[in-house]
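# Coordinates in review
Next come the chains, spelled out residue by residue.
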Amino acid sequence: MKTMRICVFFCVLAVMAPVFARAQESGQASPKETNRQRRVESAARELYDKVHLTEEQKKKLKESKDRLSQSMKDMYVESRTLKDSLNRLLMKPDLDMNKINSIQSRLKEIQSGIIDARLNSILEVRNILTPEQFSGLIEFTHKRGRGPSKEKGKL
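Not measured: the values here are computed from a predicted model.

### Side note on the overall build of the protein
- Counting its secondary structure elements, the protein contains 6 helices and 0 strands.
- The order of helices and strands in the protein, counted from the N terminus, is α-α-α-α-α-α.
- Among the 155 residues that make up the protein, the fraction classed as buried is 20%.
- Taking contacts inside the protein between residues at least 6 apart in sequence as the whole, the part at least 24 apart equals 75%.
- Surface exposure of the protein reaches about 12,400 Å², of which carbon and sulfur atoms provide 57%.

Here it is in structure tokens:
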């Protein structure tokens, strides 16, 4: 039983380490984040030029991206909160399996929601762009090392 508690403790510690690391970070954007943001903006401009987006398409894509970003943020926040609750429950001497299973079920629902949100976002982008523009987008993401590669698709 003591070995089991030690194993649970180290598992919880391993899961919580990134949470503690994030908690120590300041609220200001680091130079690394600022550089990343510049690269993302530069890539977006390059993409817009490559696929010849209209202003209306740019606006719709930005709205779609903002919606996805907000829903993902909400799901990740809830997921983190649930994981913290789960970790606290696992550290108690008496395990409440009903609560643990309930939290696990909700975490699965959130993961499913994240997958659904990503797919819906891709479908929304497909509806905004013409087939040629969407092909250009896919080609652009492959060249930049994003998206599925031919190697990943092999079985």
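Following the structure, the description resumes.
### Things to note about the pattern of salt bridges
- Scanning all chains against the criterion turns up 6 salt bridges.
- Glu 55 is the partner of Lys 58 in a salt bridge, and the nearest nitrogen-oxygen pair spans 3.4 Å. Residue Lys 58 and its partner Glu 55 are located together in helix α3 (residues 55-91), separated by 3 residues, close to a single helical turn.
- We classify Glu 55 as exposed; its relative accessible area is 60%.
- Its salt-bridge partner being Lys 60, residue Glu 56 comes within 3.2 Å of it at the nearest N-O pair. Highlighted residues: Glu 56 and Lys 60, both in helix α3, separated by 4 residues, approximately one helical turn.
- A single network of salt bridges, built from pairs that share partners, joins Glu 78, Arg 106 and Glu 109.

### Considerations on α3
- Taking 1.5 Å of rise per residue, the 37 residues of α3 would be expected to cover 54 Å, and the 54 Å separating its terminal C-alpha atoms lies within 8% of that figure.
- Residues of α3 that are buried include every one of Gln 57, Leu 61, Ser 64, Met 72, Met 75, Ser 79, Leu 82, Leu 86, Asn 87 and Leu 89, and no others.

### Topic: the environment of Lys 58
- With a relative accessible area of 26%, Lys 58 lands in the partly exposed category.
- In contact with Lys 58, other than residues within four places in its own chain, are Tyr 48 and Leu 53.

The rules we used
Residues numbered from 1 in each chain as written. Predicted model: local features only at pLDDT ≥ 70, side-chain atom pairs only at ≥ 80, totals over all residues. Heavy atoms only, no water. Helix = DSSP H or I, 4+ residues; strand = E, 2+ residues; numbered from the N terminus. Buried < 20%, exposed > 50% of the residue type's maximum accessible area, 1.4 Å probe, protein only. Contact = heavy atoms within 4.5 Å. Areas by Shrake-Rupley, 256 points an atom, 1.4 Å probe, with all protein chains shown as cover. Salt bridge = Lys/Arg side-chain N within 4 Å of Asp/Glu carboxyl O. Expected span 1.5 Å × (residues − 1).

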